Amino acid sequence: MRLTNLPLNTLKEVPAEAETLSHQLMLRAGLIRRLASGLYSWLPIGMRVLQRIENIIREEMNRAGALEVMMPIVQPAELWRKSGRWEKFGPELLRLEDRHQRKFCLGPTHEEVITDIARHELKSYRQLPVNYYQIQTKFRDEIRPRFGVMRAREFTMKDAYSFHIDEESLLRDGYEVMRSTYDKIFTRFQLKFRIVQADPGAIGGNRSEEFQVLAESGEDKIAYCDADDFAANIEVIELEPPNKTRGLPTQTCEIIKTPKIQSIEALSKFFKVGPEKCLKTILVQGSKSPAVALLLRGDHELNATKAERIDAVASPLRMLNATEIHEATRCEAGFLGPKELDISIYMDQDASLMSDFVCGANRTDYHYRGTNWGRDIEPPEIIDLRNATTGDPSPKGGGPLSIARGIEVAQIFQLGKDYSEALEATVLDDQGKKRTIEMGCYGIGVTRIVAATIEQNHDNRGIIWPAAIAPFDVLIIPINLDKSCRVREAADTLYCNLIDAGLDVLMDDRSYRPGVKFADADLLGIPHRVVVTESAWDKGKVEYKNRREDDPQLVPFDQLVELLRDKGD
RNA sequence: CGGGGCGUAGCGCAGCCUGGUAGCGCACUACACUGGGGGUGUAGUGGUCGCAGGUUCAAAUCCUGCCGUCCCGACCA
């Protein structure tokens with residue numbers, strides 16, 4: 001591809017809409033353009049990256065014996081009613097009507113459709129196991145799309161669904177095969193990632209793991225222990241009761257005026273104590289009552305899944321807003337506490353170990369300090385309510401956990417029979433008896449991988465593509481090609497040679513000054529750069545530089561192809 | 001959904017408070033110079049100032065409503 005044939009508009013300035021680095025670089029390098037909130041067009045260079053990613057996924061999926069299909073994006077409500085998800089899925093599911101007022105939705109995922117296919121196509125245990133996959137557009141009407149294609153409403157996903165006669169086959173021929181296939185795929189993408197235990201969430205099912213690309217900007221937090229190989233999303237870690245006892249009271253409980261001190265941070269500053277000495281009181285919607293109070297240590301985070309397990313708490317979990325908090329407590333948010341609070345209260349294990357702590361007084365602008373369980377407040381019911389954090393013991397016993405941030409790029413589930421039962425997908429077994437099919441499902445966020453890759457591979461000048469998914473293998477930059485027909489001829493020869501050698505070649509034949517071309521080269525991040533100048537060419541040489549290296553080297557023209565092969569992935 | 005910010009040329013922004021000729025930088029076009037890290041000059045192209053209503057002799061500017069977009073959302077970060 002010659003750049004004179006590819007309208008490329010790189011931006012010097014950072015578009016105001018872009019928050020994260022990957023988003024900024026994707027816009028600046030001309031990979032994507034935003035059409036509306038959470039909706040992006042992929043321009044030629046971005047499209048090439050997507051295709052490379054898709055091709056690697058296809059190769060590995062096919063190698064694992066999976067079968068590619070394609071299912072409609074628009075799906076009938078009827079099917080979703082059968083699985084129960086028409087009601088269960090929230091406003092994320094975009095619902096629409098056709099001209100006959102029949103109801104449809106845009107597929108956020110395809111369990112229903114694939115199960116319907118399985119129900120019609122799979123009749124005998126002898127046809128199992130089978131794994132269907134597709135690479136296709138999904139739509140989820142996210143509350144708040146953000147970070148460009150990282151959390152978009154429309155996105156490309158590779159989703160696979162496997163069907164098995166029993167759980168053993170599901171685990172062995174489905175789940176484990178996909179797990180190792182994904183491992184190969186992400187290794188080929190040259191990403192640093194971890195496989196972590198995950199919450200099965202909205203998709204349903206039993207066992208589930210996520211593939212998390214490690215990045216500071218990641219939305220997920222993962223906990224790991226290098227000593228015993230444990231790794232999990234912090235949401236799913238069950239915490240044992242702490243092996244400690246509560247400190248004895250040393251202070252008297254007194255009420256203190258704390259005007260406008262409404263955050264743990266402010267409290268901790270005001271009282272000059274650490275956040276672990278402040279009690280956090282969170283009001284959530286109750287299942288039978290308007291409000292339920294949850295107590296946590298100030299430095300801990302509430303775990304939504306754990307909270308939802310409490311019968312008295314409404315599911316899905318919803319925090320009360322300022323008005324509701326006032327109705328329930330006659331007091332402003334920020335001054336809530338368990339003392340004389342007349343609603344159901346649950347407290348986290350670690351909160352129960354606090355002593356001489358600060359908590360709200362249920363009176364606007366007042367807090368208690370020197371509060372102690374038993375003496376000042378009857379302790380409420382104690383349960384595990386919080387997310388794991390740095391230093392918590394690994395459930396496998398190897399030592400303390402560390403926390404890292406990750407971008408979820410894939411998730412695999414043992415679905416079991418939820419969908420096959422609801423949609424009556426059965427086969428006959430070797431006894432001629434009807435058996436409900438066991439299912440697994442396996443997703444990869446294709447478009448999100450592009451963003452995740454850039455998060456992990458960039459410098460202050462631009463993107464640095466891993467060779468496997470770069471839009472092009474080599475970029476040729478002829479210097480002064482308008483003035484020198486020798487440079488033009490040399491570049492053309494080189495261009496043809498590299499293409500003949502099977503490489504994807506981009507040539508910057510625009511009549512710009514070198515600086516512009518170098519800057520664009522760095523921004524675009526193509527792995528290999530070859531500069532053609534008159535003086536080097538006269539010696540039969542060209543200049544080679546890897547995007548990751550600082551210094552170029554002169555290479556004899558006839559050795560270039562070989563060098564690129566060696567340096568290739 | 002709630003709170004806040006922003007909508008002025010393709011992009012980044014100023015002008016708005018205090019109403020009176022719509023501006024700057026980048027990009028784009030032409031020409032000249034320049035030619036190894038986003039160069040210089042000259043001349044240009046490009047705007048229903050988000051939309052609708054109102055106030056006024058006069059509205060990008062003041063008022064009302066709507067729309068779009070971004071950020072934030074619990075004593076979370």
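These notes cover the structure that comes with them. Along each chain, residues carry numbers from 1 onward, in the same order as the chain's sequence is written. Going through the entries in the order they are written, you letter the chains from A and number the ligands from 1. Only residues with pLDDT of at least 70 are given local features in this predicted model, and only at 80 or more are side-chain atom pairs given and counted; all residues enter the totals for whole chains, interfaces and linings. Excluded from the side-chain calculations are hydrogens and water; all other atoms, namely the structure's heavy atoms, are used.

Paired through their backbone hydrogen bonds, the strands of a sheet run either parallel or antiparallel. Read from one edge to the other, the open sheet built from 4 strands follows the order β14-β15-β16-β19, with strand pairing classed as mixed. What marks the edges here is a single partner per strand, and that holds for β14 (279-284) and β19 (381-383). The average angle at which neighbouring strand axes cross in this sheet is 30 degrees, direction not considered. The rule for pairing is simple: two strands pair if DSSP sees at least two bridges between them. Note on conventions: DSSP H or I runs of at least 4 residues are helices, E runs of at least 2 residues are strands, and numbering of each starts at the N terminus. Sheet topology places strand β15 (residues 292-297) next to strand β16 (residues 344-348); 4 bridges connect them, and they run parallel. Bridge pairing links V292 to S344 in β16. Axes, fitted as lines to C-alpha atoms, cover a helix only where it is in contact. Angles between the N-to-C directions of the axes lie from 0 to 180 degrees.

For patches, a residue must show more than 30% relative accessible area and have no salt bridge; joins then use 9 Å for like charges and 5 Å for nonpolar side chains, namely Val, Leu, Ile, Met, Phe, Trp and Tyr. With residues, only the protein chains shown are counted as cover, and all accessible areas are computed by Shrake-Rupley using a 1.4 Å probe. Salt bridges are identified by distance alone: a Lys or Arg side-chain nitrogen within 4 Å of an Asp or Glu carboxyl oxygen. On the surface, I73, V74 and L96 cluster together into a nonpolar patch covering about 200 Å² of accessible area. Residue placement: L96 occurs in strand β5 (residues 95-97). Look at L96 and you get partly exposed, because its relative accessible area is 31%. Only protein chains enter the area calculation, which uses a 1.4 Å probe; residues under 20% of their type maximum are buried, those over 50% are exposed, and those in between are partly exposed.

This brings us to the packing of aromatic side chains. Only rings of Phe, Tyr and Trp enter the pairing, Trp through its six-membered ring, and a pair is recorded when the two centres are within 6.5 Å. The plane angle decides the type: under 30 degrees is stacked, over 60 is edge-to-face, the rest tilted. Taken as a whole, this structure holds 11 aromatic pairs when the rule is applied. With a centroid separation of 6.2 Å and 65 degrees between ring planes, the pair formed by Y132 and F163 is classed as edge-to-face. Residue Y132 is found in strand β7 (residues 130-139), and its partner F163 is found in strand β8 (residues 154-164); the two are separated by 31 residues along the sequence. Of the two residues, Y132 and F163, both sit in the buried class. A connected cluster of aromatic rings, assembled from ring pairs, spans Y182, F186, F189, F193 and F211. Above the ring of W86, the side-chain terminus of R95 is found at 4.8 Å from the ring centroid. In this structure, R194 is placed above the aromatic ring of Y224, and the distance from its NZ or CZ to the ring centre is 4.2 Å. The rule for a charge over a ring is simple: NZ of Lys or CZ of Arg within 6 Å of the ring centre, and within 35 degrees of the ring normal.

The next thing to look at is helix α6 (residues 167-188). Given a rise of 1.5 Å per residue, 22 residues ought to cover 32 Å, and the 30 Å separating the end C-alpha atoms of α6 matches this to within 8%. Two axes define the bend at a residue: one fitted to the seven residues ending there, one fitted to the seven starting there, and the bend is the angle between them. Along its length, α6 reaches its greatest deviation from straightness, about 25 degrees, at Y175. Considered for burial, the residues of α6 that qualify are S169, L170, G174, Y175, M178, T181, Y182, I185 and F186. Q190 sits one or two residues past α6 and shows a positive phi near 60 degrees. Here the expected span of a helix is defined as 1.5 Å times the quantity of residues minus one.

When the charged atoms of two side chains lie near each other, side chains of opposite charge can form a pair. Counted under the stated rule, the structure contains 47 salt bridges. Put simply, E111 and R85 hold a salt bridge, and the shortest N to O gap is 2.9 Å. Of this pair, E111 sits in helix α5 (residues 111-121) while R85 sits in helix α4 (residues 85-88), placing them 26 residues apart in sequence. The residues E111 and R85 share a single accessibility class, namely buried. For the salt bridge of R309 with E238, the shortest nitrogen-to-oxygen distance reads 3.0 Å. Taken as a pair, R309 in the loop between α8 (304-308) and α9 (322-329) and E238 in the loop between β12 (230-233) and β13 (254-257) lie far apart in primary sequence, 71 residues in all. Relative accessible area serves as the criterion here: at 49%, R309 is assigned to the partly exposed category.

Any residue with a heavy atom lying within 4 Å of a molecule or strand is counted as near it. Near RNA strand B, the surroundings consist of 43 residues, among which I264, M319, L336, D522 and T533 are the closest. Close to the protein, within 4 Å, the atoms of RNA strand B are drawn from sugar and phosphate at a rate of 45%. Any pair of nitrogen or oxygen atoms within 3.5 Å is treated as a polar contact; in protein, a donor-acceptor pairing is required on top of that, and neighbouring residues in sequence qualify only through side-chain atoms on both sides. For RNA strand B, a sugar or linking oxygen lies 2.9 Å from a polar atom in the side chain of K12. The contact in question runs from a sugar or linking oxygen of RNA strand B to an N or O atom on the side chain of N480, over 2.7 Å.

Y182, F186 and F189 are the most contacted members of the largest nonpolar core, which has 67 residues in total. Counting residues per element, this core draws most heavily on helix α2 (residues 44-63), which supplies 7 residues. Here, residues are in contact when the closest pair of their heavy atoms is within 4.5 Å. Beyond its immediate sequence surroundings of up to four residues, F186 is in contact with L191, F193, F211, V409, A410, I444 and I449. Grouped together as the second largest cluster of nonpolar side chains are 27 residues, M71, F89, L128 and F413 included. Only buried residues count toward a nonpolar core, which is a set of Ala, Val, Leu, Ile, Met, Phe, Trp, Tyr and Cys residues joined through side-chain atoms within 4.5 Å.

What follows deals with the side chain of E60. Among the secondary structure elements, E60 is positioned in helix α2. Note on E60: relative accessible area 3%, which makes it buried. Side-chain polar atoms of E60 contact the side chain of R188, separated by 2.9 Å. With sequence-adjacent residues up to four places away left out, E60 is seen in contact with T181, K184, I185 and R188.

Okay, the pairing of β12 next. Of the two faces of β12, the one lined by F230 and A232 and the one lined by A231 and N233 are each fully buried. Strand direction decides the pairing type here: strand β11 (residues 220-225) and β12, joined by 4 bridges, are antiparallel. What sits directly across from Y224, in β12, is A231. Two successive antiparallel strands, β11 and β12, enclose a turn made up of 4 residues, where D229 displays a positive phi of approximately 70 degrees.

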